[in-house]
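An overview of the molecular structure
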Amino acid sequence: MKILVTGGAGFIGANFVFYMLDKHPEYDILCLDSLTYCGNIKTLEPVMDNPHFKFVKGDVTDRKLVFQLFEEEKFDVVVNFAAESHVDRSIEDPGVFLRTNILGTQTLMDASNEYGVARYHQVGTDEVYGDLPLDRPDLFFTEDMPLTASSPYSASKASADLLVMAYHRTYGLPVTISRCSNNYGPYQFPEKLIPLMIKNALADEKLPVYGTGENVRDWLYVKDHCKAIDMIIHDGKVGEVYNIGGHNEKSNLEVVRTILKQVGKSEDLITFVGDRKGHDLRYAIDPTKIHDELGWLPETRFDDGIRQTIDWYLDNRSWWEEIISGEYQEYYDRMYSNR
Ligand code: NAD
Ligand code: TDX
């Protein structure tokens, strides 16, 4: 089987490349990634010499390049991770989110239609369901809920999902969509909550918690997400959406306190800062469908996953210290200095 993995130099895409080369050593994987600020070719160094892996630097909206790749490589399966993925950046500058997340998806599906693939899989997010109230712990996101969006990021991801279902119905493209909750684990760019807080705690810098810190996210260890996508591309039903999540809801404050405790730093580092515009209150996935239909269950408990993640950031300082030396510092100052 030959799989095109787009966005494979990013956090989840890279973890997926490692997972697949390990689980299916006979598969061929081609990673297409334009290496934006959060794509890191160094992350893929361990597999660069693997004869079953190939890296191509390029943009998913570059029609000529994408069509040429499909013509030459004859992919069986496409897994589209390529995206602008940070909500705060989408609030600052939505344009690139619409371009990559919507037009990139269109380009990949046009090529999939033209050259024929057995499966086009869209990596979606639970943010397309909007948010849930904090005082209704009985409510969860299910696949049949209507799509809504709070940020330009989630609007772009919801648009992409609608386009994917339209390509299925109109052109018969064999698609699946997964919508996962918040991921954490190795190689996550330190602009997202968990790695940002680990990095700041290690440096004895303030930990900027938005608003009251009561917002709830449903955390999943990245490897469990990769396993779910592997199951969906093999056994998922064409035309279906699968929610992925492990019933692991935590308030942001709980997450930050856990990190401080594990790195042995004081809670005095916590600083409440101005809230995110349009900040979603609570995400919570109902994973019944993927469990019942495909037998998927998460394997990593939050306590173990967060410990492994913190250890990874401690053991791999050079990976993130290099990242935070460039554009990152300007972003950080812009985002946090006047909050
Ligand atoms: P990320 O930002 O770490 O990585 C995105 C990757 O896409 C980077 O390597 C980047 O270089 C690449 N990319 C961006 N624009 C591109 C373009 N125009 N052409 C080619 N490559 C491009 O993101 P992530 O956290 O790994 O998320 C991956 C996917 O999973 C996204 O689609 C995101 O919406 C989805 N998702 C993420 C989470 C999460 O918690 N991180 C949860 C659910 C779904
Ligand atoms: O400095 C911070 N302080 C803070 O309180 C940051 C960066 C975040 N937060 C809060 C905002 C959210 O309530 O923490 C929570 C998590 O924030 P992010 O890590 O930015 O993730 P979120 O906005 O929940 O979106 C993530 O999950 C869904 C991913 O970034 C998306 O790509 C994915 O689709």
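Structure first, text after, so check above.
All of these numbers come straight from a predicted model, not from anything done at the bench.

Things to note about the site of ligand 2
Lining the immediate environment of ligand 2, one finds 22 residues, of which Glu 127, Tyr 153, Arg 276, His 279 and Tyr 336 sit closest. Within the side chain of Tyr 153, one N or O atom sits 2.5 Å away from an oxygen atom of ligand 2. The separation between an oxygen atom of ligand 2 and a polar side-chain atom of Asn 252 is 2.8 Å. Protein contact buries 94% of the 660 Å² of open area that ligand 2 shows by itself.

Section: the packing of helix H8 (residues 252-263) against helix H10 (residues 302-315)
Put simply, H8 and H10 touch, their axes get as near as 11 Å, and they point 55° apart. The orientation of H8 with respect to H10, classified from their angle, is oblique. Here the hand of the crossing between H8 and H10 comes out right-handed. Residues Val 255, Thr 258, Ile 259, Gln 262 and Val 263 of H8 lie in contact with H10, whose contacting residues are Phe 302, Asp 303, Ile 306, Arg 307 and Ile 310.

Some words on the layout of surface pockets
The calculated volume of the second largest pocket comes to roughly 160 Å³. Taken together, Asn 15, Phe 18, Tyr 19, Asp 22, Pro 186, Tyr 187, Tyr 221, Val 222, Lys 223 and Cys 226 make up the full set of residues lining the second largest pocket. Of all the secondary-structure elements, those providing two or more residues to the lining of the second largest pocket are helix H1 (11-23) and helix H7 (222-235). For the lining of the second largest pocket, the element with the highest residue contribution is H1, accounting for 4 residues. Grouping the amino acids of the lining of the second largest pocket by side-chain chemistry returns 7 nonpolar, 1 polar and 2 charged.

Some details on the packing of helix H2 (residues 63-73) against helix H4 (residues 95-115)
At their nearest, the axes of H2 and H4 sit 10 Å apart, and the two run at 35° to each other. The two elements H2 and H4 cross, and the hand of that crossing is right-handed. Contact with H2, carried on its side by Arg 63, Val 66, Phe 67, Phe 70 and Glu 71, involves Gln 106, Thr 107, Leu 108, Asp 110, Ala 111, Ser 112, Glu 114 and Tyr 115 of H4 and no other residues of that element. A per-class count over the contact of H2 with H4 returns 6 nonpolar, 3 polar and 4 charged.

A short note on the site of ligand 1
Neighbouring residues of ligand 1: 28 residues in total, closest Ile 12, Asp 33, Ser 85, Tyr 153 and Lys 157. Phe 11 places a main-chain nitrogen or oxygen 3.1 Å from an oxygen atom of ligand 1. Elements with a minimum of two residues in the shell around ligand 1: H1, strand S5 (119-125) and helix H5 (152-171). Looking at the shell around ligand 1 element by element, the count peaks at 3 residues for S5.

A word on the nonpolar core
Of all hydrophobic cores here, the largest spans 38 residues; its most connected members are Ile 194 and Ile 259. Counting only elements with at least two residues in this core, the list comes to helix H6 (193-202), strand S8 (207-210), H8, strand S13 (270-273), H10, helix H11 (317-323) and helix H12 (327-336). Residues contacting Ile 194, with those up to four places away along its chain left out, are Tyr 184, Trp 219, Val 255, Ile 259, Phe 302, Ile 306 and Thr 309. Of all hydrophobic cores here, the second largest spans 30 residues; its members include Val 66, Phe 67, Val 78 and Tyr 120.

Quick word on empty space enclosed by the protein
Inspection of every chain in the model, using the stated rule, returns 2 cavities of 30 Å³ or more. Looking at the largest cavity, its volume works out to about 50 Å³. What lines the largest cavity is simply Val 87, Glu 127, Ser 150, Ser 151, Arg 217, Arg 276, Lys 277, Gly 278, His 279, Asp 280 and Tyr 283. Here the lining of the largest cavity is built from residues that sort into 2 nonpolar, 4 polar and 5 charged. By volume, the second largest cavity amounts to about 40 Å³.

Reading guide: rules and limits
Residues numbered from 1 in each chain as written. Chains lettered and ligands numbered in written order. Predicted model: local features only at pLDDT ≥ 70, side-chain atom pairs only at ≥ 80, totals over all residues. Heavy atoms only, no water. Near = heavy atom within 4 Å. Polar contact = N/O pair within 3.5 Å; in protein donor to acceptor, adjacent residues only side chain to side chain. Areas by Shrake-Rupley, 256 points an atom, 1.4 Å probe, with all protein chains shown as cover. Axes fitted to C-alpha atoms, helices over the stretch in contact; angles between N-to-C directions. Helix = DSSP H or I, 4+ residues; strand = E, 2+ residues; numbered from the N terminus. Parallel < 35°, antiparallel > 145°, perpendicular 65-115°, else oblique. Left-handed = near helix turned anticlockwise from the far one by under 90°. Contact = heavy atoms within 4.5 Å. 1 Å grid on protein atoms, 1.4 Å probe; cavity = no way out; pocket = protein on both sides within 12 Å on 5 of 7 lines; lining within 4 Å. Points joined across faces, edges and corners; volume = space filled by probe spheres on them. Nonpolar A, V, L, I, M, F, W, Y, C, P; charged D, E, K, R; others polar. Core = buried A, V, L, I, M, F, W, Y, C linked by side-chain atoms within 4.5 Å. Buried < 20%, exposed > 50% of the residue type's maximum accessible area, 1.4 Å probe, protein only.

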